[in-house]
Amino acid sequence: MKNLAIATVLSFVGITAFANVESPELDMDNATVIVAQDFEEIEVSSLPEAVSKAVEKNYPTAKIDKAYKNEKDQYKLDLSLEDGTTGTVYADAEGNWIDM
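The text that follows walks through the structure, step by step, so that each part is easy to find. (Residues numbered from 1 in each chain as written. Predicted model: local features only at pLDDT ≥ 70, side-chain atom pairs only at ≥ 80, totals over all residues. Heavy atoms only, no water.)

### Quick notes on the pairing of strand S3 (residues 74-81)
Then step 1. The element S3 is extensively covered by neighbouring structure, given that 6 of its 8 residues are classed as buried.
Then step 2. The sheet contact formed by strand S2 (residues 62-69) and S3 spans 7 bridges and is antiparallel. Directly across from Lys63, in S3, lies its bridge partner Ser80.
Then step 3. What sits between S2 and S3 in their antiparallel hairpin is a turn of 4 residues, with Asp73 showing a positive phi close to 55°.
Then step 4. The pairing of S3 with strand S4 (residues 86-92) spans 7 bridges and is antiparallel. Residue Leu77 lies in a different strand from S4, and its bridge partner there is Val89.
Then step 5. Counting the residues in the hairpin turn of S3 and S4 gives 4 residues, including Gly84, whose phi is positive at 95°. (Buried < 20%, exposed > 50% of the residue type's maximum accessible area, 1.4 Å probe, protein only. Helix = DSSP H or I, 4+ residues; strand = E, 2+ residues; numbered from the N terminus. Pairing = 2+ DSSP bridges.)

Here it is as structure tokens:
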């Protein structure tokens, strides 16, 4: 009986020891923050010529369904291909593809 009481006490002490472990603090100085880019829809006809030509060159069967622009003059383009495939690509004002 004495052994059962000691085992119970030791189990309880072990459980509470784990419960008292503090969570690590978030180090905001070294954290990576991803900010969503706010794009506003624009007319496809108002895209810079360089962006339109980049789509024609790299996606010759694509149609630009929708176009969006953010304050950094970056463009988000919703494309659809002849085979029904759709996707989104991003370009800068000079027609260079960018990763977002």
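On we go.
### Let's talk about the packing of aromatic side chains
Then step 1. Applying the stated criterion across every chain yields a total of 2 aromatic pairs.
Then step 2. When the centroid spacing of 5.8 Å and the interplanar angle of 50° are considered together, the rings of Phe39 and Tyr90 count as tilted. Placement of Phe39 in the loop between helix H1 (2-19) and strand S1 (40-42) and of Tyr90 in strand S4 is noted, with a sequence separation of 51 residues between them.
Then step 3. A centroid spacing of 5.6 Å and a plane angle of 80° characterise the contact between Tyr59 and Trp97, whose relative ring orientation is edge-to-face. Of the two residues, Tyr59 sits in the loop between helix H2 (49-58) and S2 while Trp97 sits in the segment after S4, which places them 38 residues apart along the sequence. (Phe/Tyr/Trp six-rings, centres within 6.5 Å; stacked < 30°, edge-to-face > 60°.)

### A closer look at the environment of Val55
Then step 1. Of note, Val55 is situated in helix H2.
Then step 2. For the pair Val55 and Leu79, spaced 24 residues apart in sequence, the C-alpha to C-alpha distance is 9.0 Å.
Then step 3. When sequence neighbours within four positions are dropped, the list of residues in contact with Val55 reads Pro60, Ala62, Ile64, Leu77, Leu79 and Trp97. (Contact = heavy atoms within 4.5 Å.)

### Examining the side chain of Asp78
Then step 1. Relative to the helices and strands, Asp78 is located in strand S3.
Then step 2. Here Asp78 sits buried without a salt bridge, and the closest side chain of opposite charge, Lys76, lies 5.1 Å off (N-O distance).
Then step 3. Only 3.0 Å separates the side chain of Asp78 from the side chain of Thr88, close enough to count as a polar contact.
Then step 4. Those residues in contact with Asp78 that sit more than four places away from it in its chain are Lys63, Ile64, Asp65, Lys66, Tyr68, Gly87 and Thr88. (Lys, Arg positive; Asp, Glu negative; His and termini not counted. Salt bridge = Lys/Arg side-chain N within 4 Å of Asp/Glu carboxyl O. Polar contact = N/O pair within 3.5 Å; in protein donor to acceptor, adjacent residues only side chain to side chain.)

Keep in mind these values describe shape, not function.
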